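# Close look at the chain arrangement
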Amino acid sequence: MAETDGFFDRVYRVVRAVPEGRVTTYGAVAAAVGAPGSSRMVGWAMNKAFSHASFVPAHRVVNRQGRLTGKHAFPGQRTMQEMLESEGVRVENDQVVDFHERFWAPPSLDIK
DNA sequence: GCCCTGACGGGAT
DNA sequence: TATCCCGCCAGGG
């Protein structure tokens, strides 16, 4: 167990585990933290993530369609896309190109 | 303590 | 295949 058992902290841990140049979905993260169906909470956690001390690659988390639904939460509406492209992830029309190939499934924390 | 909202997802229509 | 509706849980008014 980690020092933090909070739902949000679990989400942060999973998101932080997303490799650079890869993306994951809210649903996948939710399932990884043992709360399948609570994908909304993941997004909520991401919003709060900006207040979090450690850096959380929230830009690597997109919805099931591979769409940058959370871009509006960044300083600039284009920041999220810029960050992704900066890591090698091509984004077109607010949507991740080859999303299925870029998708990365996070390991379940449930295992432990 | 109740009601509404919210970076979503999936099943039903 | 597109659209609608309901369910998830936490936080704020």
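Refer to the structure presented above.
The following refers to the structure shown. (Residues numbered from 1 in each chain as written. Chains lettered and ligands numbered in written order. Predicted model: local features only at pLDDT ≥ 70, side-chain atom pairs only at ≥ 80, totals over all residues. Heavy atoms only, no water.)

### Things to note about the protein's contact with DNA strand C
Just so we agree on the cut-off: Any residue with at least one heavy atom within 4 Å of a molecule or strand is counted as near it. In the analysis that follows, any N or O atom pair within 3.5 Å is treated as a polar contact, provided that within protein one partner can donate a hydrogen and the other can accept it, and provided that, for residues neighboring in sequence, both atoms belong to side chains. Helix numbering and strand numbering both begin at the N terminus, where a helix is a DSSP run of H or I of at least 4 residues and a strand a DSSP run of E of at least 2. Three categories are distinguished: nonpolar for Ala, Val, Leu, Ile, Met, Phe, Trp, Tyr, Cys and Pro, charged for Asp, Glu, Lys and Arg, and polar for the others, with Gly belonging to the last.
Surveying the vicinity of DNA strand C reveals the residues Phe8, Gly37, Ser38, Arg40, Met41 and Trp44. Measuring from a sugar or linking oxygen of DNA strand C, one finds a backbone N or O atom of glycine 37 at 3.3 Å. Arginine 40 places a side-chain nitrogen or oxygen 2.4 Å from a base oxygen of DNA strand C. Of all the elements, helix 3 (residues 39-49) adds the most residues to the surface near DNA strand C, at three residues. Per-class residue counts for the surface near DNA strand C are three nonpolar, two polar and one charged.

### Regarding the packing of helix 1 (residues 7-16) against helix 3
Convention followed: Fitting a line to C-alpha atoms yields each axis, with helices limited to the stretch in contact; the angle taken between N-to-C directions then spans 0 to 180 degrees. Any angle between 65 and 115 degrees counts as roughly perpendicular, while under 35 counts as roughly parallel, over 145 as roughly antiparallel, and the rest as oblique. It only takes one pair of heavy atoms within 4.5 Å for two residues to be counted as in contact.
Axis separation between helix 1 and helix 3 bottoms out at 9 Å; the angle between their running directions is 80°. Here helix 1 lies roughly perpendicular to helix 3, going by the angle between them. Contact residues: helix 1 offers Phe7, Phe8, Val11, Tyr12 and Val15, while helix 3 offers Met41, Val42, Trp44, Ala45, Met46, Lys48 and Ala49. When its residues are assigned to classes, the contact of helix 1 with helix 3 shows 11 nonpolar, no polar and one charged.

### Concerning the protein's contact with DNA strand B
Around DNA strand B, 18 residues are found, and the nearest of them are Tyr26, Arg40, Met41, Gly43 and Trp44. Counted by atom, the contact set of DNA strand B within 4 Å of the protein is 47% sugar and phosphate. At 2.7 Å, a side-chain N or O of tyrosine 26 approaches a base nitrogen of DNA strand B. Between DNA strand B and serine 39 there is a distance of 3.1 Å, counted from a base oxygen to a side-chain nitrogen or oxygen. Broken down by secondary-structure element, the contributors of at least two residues to the surface near DNA strand B are helix 2 (26-32) and helix 3. No other element matches helix 3, which puts seven residues into the surface near DNA strand B. Here the residues of the surface near DNA strand B are counted per class, giving seven nonpolar, nine polar and two charged.

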